[in-house]
Amino acid sequence: MNETQSFKRQTPAEWLVTGITVLLAVLWAVPIIWAVIVSFRPPDDDLGVDDVWFGNTVTLASYQKATDLAPFFPDWVGADAEGFPGHSYYANTLEWVLLALVVQVITVTLAGFVFAHFDFVGKRFLFYFVLMQMMIPTAVLLVPNFITIREFSTATLGIPKFIYYKEVSLYDTPWAIAMPYFGSAFGTFLMRQAFLSVPKDLVEAGVMDGCRWYHLLLNVYLPPSYPSLVAFGLVSVSFHWNELLWPLVVTSDKARPLTMGLLRFTQLTDIGAQWSLVMAATMIIVAPLLLAFLFFQRQFINSFLYSGVK
Amino acid sequence: MMTANTFDLHTYWTRHLRPRLKPLPYLLLLPTVYFVYLFTIMPTFKVLRDSQTYYHPNRPAREIMSDLSLPGIEEAKRSIRGPHDVGFAYFRAMFDPDTVEGERFFRAMRNTIIYVVTTVPISMLLAFTFAVLVNRRLRWIGSARIAFFYPTMLPMVSAATIWLFFFTPEYGLWNAALRWFGYHGAENWVINPDLALVGLIIVAIWKNAGYFMIFYLAGLQNLPEDVYEAAALDGASWWVQMFRITLPLLRRTTLFVSVVAIISAFQTIDHALVMTYELVTGEADLLLYEIYNQRFILQNYGFANALTVVMIAILLGLTIINFLISERENE
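Keep in mind that this is a model prediction, so the values were computed, not measured. (Residues numbered from 1 in each chain as written. Chains lettered and ligands numbered in written order. Predicted model: local features only at pLDDT ≥ 70, side-chain atom pairs only at ≥ 80, totals over all residues.)

Visitor: Honestly, the overall build of chain B in this entry has me stumped. Any pointers?
Guide: A count of helical and extended segments in chain B gives 15 helices and two strands. Compactness check: chain B gives a C-alpha radius of gyration of 27 Å against a globular reference of 20 Å for 331 residues, more than 25% above the reference. Across its three principal directions, the C-alpha atoms of chain B cover 90 × 80 × 35 Å. Looking at chain B as a whole, 40% of its 331 residues are labelled buried. (Helix = DSSP H or I, 4+ residues; strand = E, 2+ residues; numbered from the N terminus. Rg over C-alpha atoms; globule rule 2.2 N^0.38 Å. Buried ≥ 20, exposed ≤ 12 C-beta atoms within 10 Å, placed from the backbone.)

Following this line, the structure appears as structure tokens:
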């Protein structure tokens with residue numbers, strides 16, 4: 001807790017604490033270690049009592065078979081899985097996660113800027129209006145939101161019916177999954193806090209020099225706030241990558257993301273208890289985020305600290 | 001010139017109101033407000049209306065796995081075209097344990113309450129323990145931190161899939177470990193109706209403890225050091241320091257983490273989709289799972305909406321309680 005203790009010879013009590021730490025850490029890590037080890041066993045290798053860890057051989061066969069059975073990767077990677085040509089779980093996940101991220105970065109920056117910079121009638125009301133999204137999470141509203149997506153039309157976009165009317169079929173597209181996340185109360189709040197901590201003198205100097213609002217935003221407000229924006233981006237990508245329930249509701253085949261692919265994969269009856277195959281599929285899904293986390297540990301943990309705001 | 005005690009509407013308009021009504025801020029705010037309206041505010045009112053409406057299911061009647069037989073609904077069901085206004089029939093059924101719906105609602109509520117009151121305190125206690133253990137300057141402590149936090153980065157589906165193996169009878173590692181401690185009870189933690197909920201709770205605790213740990217860790221690192229130095233001079237033991245200084249100083253962190261934990265406990269059911277979906281009798285159904293099930297599997301649209309209303313009421317209630325507590329803290 002205080003620095004004077006650092007790297008000193010440990011007392012027996014401290015050794016005990018260290019021992020407990022190691023024990024708990026190993027216990028907590030067992031699931032992922034087991035999953036990694038078993039994923040390198042051959043696909044038809046049955047596990048049994050006293051035979052749940054290493055097999056006789058270390059092979060990539062399970063990964064090969066998993067990618068053949070389900071379209072995890074795009075065709076050009078070399079996997080020839082059945083599925084919808086041109087669609088793969090990886091591409092689908094990347095598509096909707098990046099779509100949500102790009103739109104969110106724009107909406108969140110603008111909204112945070114407005115709440116931090118301008119004074120206008122109804123500011124407090126609109127702020128609480130947006131914050132409602134934190135109190136009623138989108139996951140809970142899946143029933144009415146499903147109807148909104150299914151019945152999406154130009155009228156939903158606010159175009160009066162007597163001018164133009166056309167139904168927009170969003171079901172089973174990346175747009176259907178990403179759209180409820182386009183506005184983000186958490187991001188708005190985070191960016192507002194970041195913009196509020198920009199020195200007022202700097203902003204006033206900019207106004208004196210005749211900066212337009214976009215100059216102020218891009219040159220005065222944003223540069224010192226990039227860490228917050230990056231933190232928001234990391235949280236957004238990790239949360240969306242792991243999202244299951246909402247994609248399950250609004251996609252069927254073409255836009256099915258990785259998480260849903262894994263769910264279907266484990267439920268295939270003929271795969272049943274072929275644990276090495278299932279674990280290979282699991283590793284295919286968790287690998288990108290897990291590796292990114294191992295390399296950028298500090299950034300991820302600091303970003304997730306922000307995520308508690310929600 | 002305006003005197004202090006006359007109110008001149010024209011001056012008020014030109015000096016105060018008009019500059020604050022310029023369109024630019026509203027325009028920049030439009031995208032966020034639009035999407036929040038479309039996917040949060042509007043649906044909240046929509047479920048209020050739809051929870052009092054009977055819609056005909058989308059499939060032929062023989063395919064529907066369960067069907068309603070409620071006093072207010074019978075007539076609407078026999079009709080050819082819908083939708084029909086059925087008033088509060090769904091809510092009446094929900095709070096009447098004699099109906100199928102009432103029974104399912106009570107069970108889902110009971111399960112959800114058990115789930116929340118076990119996962120939240122246990123994972124918070126573990127989180128605090130982890131934070132204390134990890135908050136030391138040792139060479140390899142970083143890897144312990146990774147070991148505790150990495151479950152946060154896994155999708156709940158993957159975590160549940162791995163645990164599905166751990167819960168396998170005979171050779172699953174969880175059962176092997178329990179047997180080592182002398183447990184010889186039922187082993188299939190996923191199919192067994194009495195154990196399935198416990199299985200969900202275990203996975204949730206394992207997954208969330210590391211996430212909550214980082215908040216306690218940040219809290220511990222911001223504690224004032226001079227207090228501890230003073231306490232050490234007074235001869236206060238480690239336990240006294242922990243319970244008299246650390247925990248009271250971290251009260252705000254605890255409140256904050258508990259709010260995050262409770263709200264996320266209500267909205268996470270991904271592990272249930274992996275682990276207990278085979279349990280069609282629904283002994284381990286949580287509230288959100290019941291909503292999903294009623295809407296998309298059983299096609300009881302109105303009832304799913306009524307359940308959503310209950311869920312929203314619970315979440316808003318929790319928000320208000322949280323607000324009141326933190327207001328009192330601030331005084």
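Visitor: Help me out: how do you make sense of the overall build of chain A in this one?
Guide: Helices and strands together make up the secondary structure of chain A, namely 13 helices and zero strands. Going from the N terminus to the C terminus, chain A shows its helices and strands as α-α-α-α-α-α-α-α-α-α-α-α-α. In terms of C-alpha radius of gyration, chain A reaches 25 Å, well past the compact-globule figure of 19 Å for 310 residues. When its C-alpha atoms are laid out on the principal axes, chain A stretches across 75 × 70 × 35 Å. Counting over 310 residues, chain A shows a buried share of 41%. Partitioning the intrachain contacts of chain A with sequence separation of at least 6 by distance along the chain shows that 64% fall at a separation of at least 24. (Contact = placed C-beta atoms within 7 Å.)

Visitor: I keep staring at the interface of chain B and chain A and nothing clicks. Help me out?
Guide: Where interface size is given, it is often the accessible area lost as the parts come together that is meant. With 72 residues of chain B at the interface, the matching set in chain A holds 78 residues. Per-element accounting of the side of chain B that touches chain A gives the leading share, 18 residues, to helix 2 (residues 23-50) of chain B.

Visitor: Please explain the environment of A:Thr93 as it appears in this structure.
Guide: Residues and elements named next belong to chain A. Within the secondary structure, threonine 93 sits in helix 3 (residues 89-117). The exposure class of threonine 93 is buried, given the 27 C-beta atoms found within 10 Å. The sequence separation of threonine 93 and histidine 240 amounts to 147 residues, and the corresponding C-alpha distance is 8.5 Å. Ignoring sequence-local partners within four residues, the contact set of threonine 93 consists of Trp241, Pro257 and Leu258.

Visitor: Any chance you could explain the packing of helix 7 (residues 185-196) of chain A against helix 9 (residues 213-241) of chain A here in plain terms?
Guide: Residues and elements named next belong to chain A. Look at helix 7 against helix 9: their axes get within 9 Å of each other, and the N-to-C directions meet at 150 degrees. For the crossing formed where helix 7 meets helix 9, the hand is right-handed. Seen from helix 7, the contacting residues are Gly187, Leu190, Met191, Ala194 and Phe195; seen from helix 9, they are Tyr221, Ser225, Ser228, Leu229 and Phe232. Of the residues that constitute the contact of helix 7 with helix 9, the class distribution is seven nonpolar, three polar and no charged. (Axes fitted to C-alpha atoms, helices over the stretch in contact; angles between N-to-C directions. Left-handed = near helix turned anticlockwise from the far one by under 90°. Nonpolar A, V, L, I, M, F, W, Y, C, P; charged D, E, K, R; others polar.)

Visitor: Sorry, what's going on with the confidence of the model for chain A here?
Guide: Atom-level detail of predicted coordinates should not be read off regions where pLDDT is low. Residue and element names in this part refer to chain A. Of all residues in chain A, 91% attain a pLDDT of 70 or more, and the chain-wide mean is 87. When mean pLDDT is taken per element in chain A, helix 3 scores highest with 95 and helix 2 (residues 61-69) scores lowest with 85. Every residue in residues 1-6 scores below 50 in pLDDT, and together they form six contacts with partners more than four places removed in sequence or on other chains. (pLDDT = per-residue confidence, 0-100.)

Visitor: Quick question: what am I supposed to make of unusual backbone geometry here?
Guide: Peptide bonds are, in most cases, trans, and in most cases residues other than glycine have a negative phi. Even without being glycine, A:Asp172 reaches a positive phi, approximately 65 degrees. Position of A:Asp172 among the secondary structure elements: in the loop between helix 5 (142-150) and helix 6 (174-178). Among the residues examined, A:Asp172 registers 16 C-beta atoms within 10 Å and is labelled partly exposed. Even without glycine at this site, B:Gln299 takes up a positive phi of about 60 degrees. Within the secondary structure, B:Gln299 is located in the loop between helix 14 (287-297) and helix 15 (301-330).

Visitor: I keep staring at the confidence of the model for chain B and nothing clicks. Help me out?
Guide: Residues and elements named next belong to chain B. Confidence in the prediction of chain B, expressed as mean pLDDT, is 85, and 90% of residues score 70 or more. Considering only residues more than four positions removed or in separate chains, one finds that residues 61-66, a stretch of pLDDT under 50, has seven contacts. We note a pTM of 0.88 for the whole complex and an ipTM of 0.89 for its interfaces.

Visitor: How should I be thinking about helix 10 (residues 225-233) of chain B in this particular structure?
Guide: Along an α-helix, residues three or four positions apart point the same way, because every turn accommodates 3.6 residues. Burial analysis of helix 10 of chain B places just zero of its nine residues in the buried class, which makes it a mostly uncovered element. B:Gly235 sits one or two residues past helix 10 of chain B and shows a positive phi near 80 degrees.

Visitor: Any chance you could explain the packing of helix 11 (residues 258-267) of chain A against helix 7 (residues 156-166) of chain B here in plain terms?
Guide: The angle between the axes and the distance between the axes are what describe a pair of packed helices. Between helix 11 of chain A and helix 7 of chain B, the shortest axis-to-axis distance is 9 Å and the interhelical angle comes to 25 degrees. With respect to helix 7 of chain B, the element helix 11 of chain A is oriented roughly parallel. Note that helix 11 of chain A runs across helix 7 of chain B; the crossing there is left-handed. Note on element contacts: helix 7 of chain B touches helix 11 of chain A through B:Val157, B:Ser158 and B:Thr161, opposite A:Thr259, A:Leu262, A:Leu263 and A:Thr266. Here the contact of helix 11 of chain A with helix 7 of chain B is composed, by residue class, of three nonpolar, four polar and no charged. (Parallel < 35°, antiparallel > 145°, perpendicular 65-115°, else oblique.)

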